[in-house]
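Residue-level structure breakdown
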Amino acid sequence: PESLMGLLEAFRRPEIKPVNSLQQIVDCQKVRLGLTEHAIALAYQPKVDLVDGRLIGVEALLRWHDAELGVLPPPDIVRAAESCHLIDELTIGVLACAVHGRAAMVRNGIDTNIALNVSMHNLHNLSIVDRMSELVLDAGDQPSHFTLEVTETHLISDLTSVLEALLRLRLQGFKIAIDDYGTGAATMQFLMQLPSTELKIDRCFVAEATRSEAGRAMLQSAIDLGLQLGQDVIAEGVETPGEARLLQQLGCRFAQGYFYGRPMTLEAFTAWIMQHRLHAAAARTPE
Ligand code: C2E
Ligand code: MG
Ligand code: MG
Ligand code: MG
């Protein structure tokens, strides 16, 4: 029989979402095996300054290689890991991979911030906080070279522990970004308490802003709110030059999206940055 402490611990766990038919292809066995057999790979997508084209960082996105099924969508893996209580292991695995990736980039002359996505489930207890900073420090790097992107969609249960975990991570030097801003359920009051430095405006606002006046108004107010709160405001999912122009007109300084670069392997990203630097240098040189 389970001990009382065990029962209490189980009771305190965040609710587990029901498993839908799609994600059943990823079971606990697969996640556990994948974690030990190097299923984690990362794709790096550039974040750029809209004014001078400068690279301001990269987002590392999970690319999970399954032996039978190929590369699986990150949200499926994340949801499976959450329901199997392996989400801390997944996040630590992603961070370890990002730390390696950054070291390789630095060796290639690219000293840039790497952002990774953290699940809200990672923030319901504090045990991950020290593990994360130790991992980075043990590799000879600094937490301030990493940004943790949290999605407000899940900011619902257990606000106090989420806030405490984020504050501690921030104190250790990690930067914090609010991801997919504008699509979640978090109250403004809660968002304003988060120790974030960056607000990432969801791609749906960017797409809608070029189509309707209302969309444009929403994008404008999201940008203004972020700026008023002293955040770096970055637009996600920028796909066209028209979107990039509009964002600049509306006062958004930073962007990420297929228009600038797709998520790439480390090798492809290294090639991309060389090209990018040549273009930027050419653009600066007067005829
Ligand atoms: P996200 O953090 O908002 O990442 C942006 C997603 O939009 C990525 O999808 C990226 O490939 C895609 N994207 C980037 N630019 C464009 C664009 O211009 N147009 C369009 N249509 N899409 C664009 P991806 O890689 O499939 O990841 C989906 C989501 O899965 C991420 O959304 C993030 O919430 C989650 N995720 C990814 N990797 C991880 C991870 O390592 N850990 C956790 N917990 N979640 C992750
Ligand atoms: Mg993200
Ligand atoms: Mg996002
Ligand atoms: Mg997203």
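The protein goes by EAL domain-containing protein in an unreviewed UniProt entry, where it is assigned to Lysobacter yangpyeongensis.

This part takes up the coordination of the magnesium ion (ligand 2). Each protein donor to the magnesium ion (ligand 2) is listed here as Glu 59 (OE), Asn 117 (OD1), Glu 149 (OE) and Asp 179 (OD); together their distances run 2.0 to 2.2 Å. Between the magnesium ion (ligand 2) and the magnesium ion (ligand 3), the interatomic distance is 4.1 Å, and Asp 179 donates to each metal, bridging them. Of this pair, Glu 149 sits in strand 5 (residues 146–151) while Asp 179 sits in strand 6 (residues 175–181), and the two are 30 residues apart along the sequence. Like Glu 149, the residue Asp 179 is buried in the burial classification.

Looking at ligand 1, there are 22 residues lining it, with Arg 63, Asn 117, Asp 179, Glu 239 and Tyr 258 nearest. Take Gln 45: an N or O atom from its side chain is 3.0 Å from a nitrogen atom of ligand 1. One nitrogen or oxygen atom from the side chain of Asp 180 is found 3.0 Å from an oxygen atom belonging to ligand 1. Taken together, the elements giving at least two residues each to the shell around ligand 1 come down to strand 2 (55–66), helix 3 (74–83) and strand 6. No other element matches strand 2, which puts four residues into the shell around ligand 1. Along the lines of polarity and charge, the residues of the shell around ligand 1 split into nine nonpolar, five polar and eight charged.

Another point: the state of the cysteines. Enumeration according to the criterion identifies one disulfide in this entry. Unpaired in this structure, Cys 204 has its nearest cysteine sulfur neighbour in Cys 252, at a distance of 14 Å. Owing to a relative accessible area of 40%, Cys 204 belongs among the partly exposed residues under this scheme.

Our next topic: helix 6 (residues 159–171). With 13 residues, helix 6 extends 18 Å from end C-alpha to end C-alpha; this agrees with the ideal 18 Å at 1.5 Å per step. Within the span of helix 6, buried status applies to Ser 161, Val 162, Leu 163, Ala 165, Leu 166 and Leu 169. Lining the buried residues of helix 6 we find helix 5 (127–138), strand 5, strand 6 and helix 7 (188–193). Positive phi appears at Gly 173, one or two residues downstream of helix 6, with a value of about 115°.

Parameters at a glance
Residues numbered from 1 in each chain as written. Chains lettered and ligands numbered in written order. Predicted model: local features only at pLDDT ≥ 70, side-chain atom pairs only at ≥ 80, totals over all residues. Heavy atoms only, no water. Donors = N, O, S within 2.8 Å, 3.2 Å for Na, K, Ca; no water. Helix = DSSP H or I, 4+ residues; strand = E, 2+ residues; numbered from the N terminus. Buried < 20%, exposed > 50% of the residue type's maximum accessible area, 1.4 Å probe, protein only. Near = heavy atom within 4 Å. Polar contact = N/O pair within 3.5 Å; in protein donor to acceptor, adjacent residues only side chain to side chain. Nonpolar A, V, L, I, M, F, W, Y, C, P; charged D, E, K, R; others polar. Disulfide = S-S within 2.5 Å. Expected span 1.5 Å × (residues − 1). Contact = heavy atoms within 4.5 Å.

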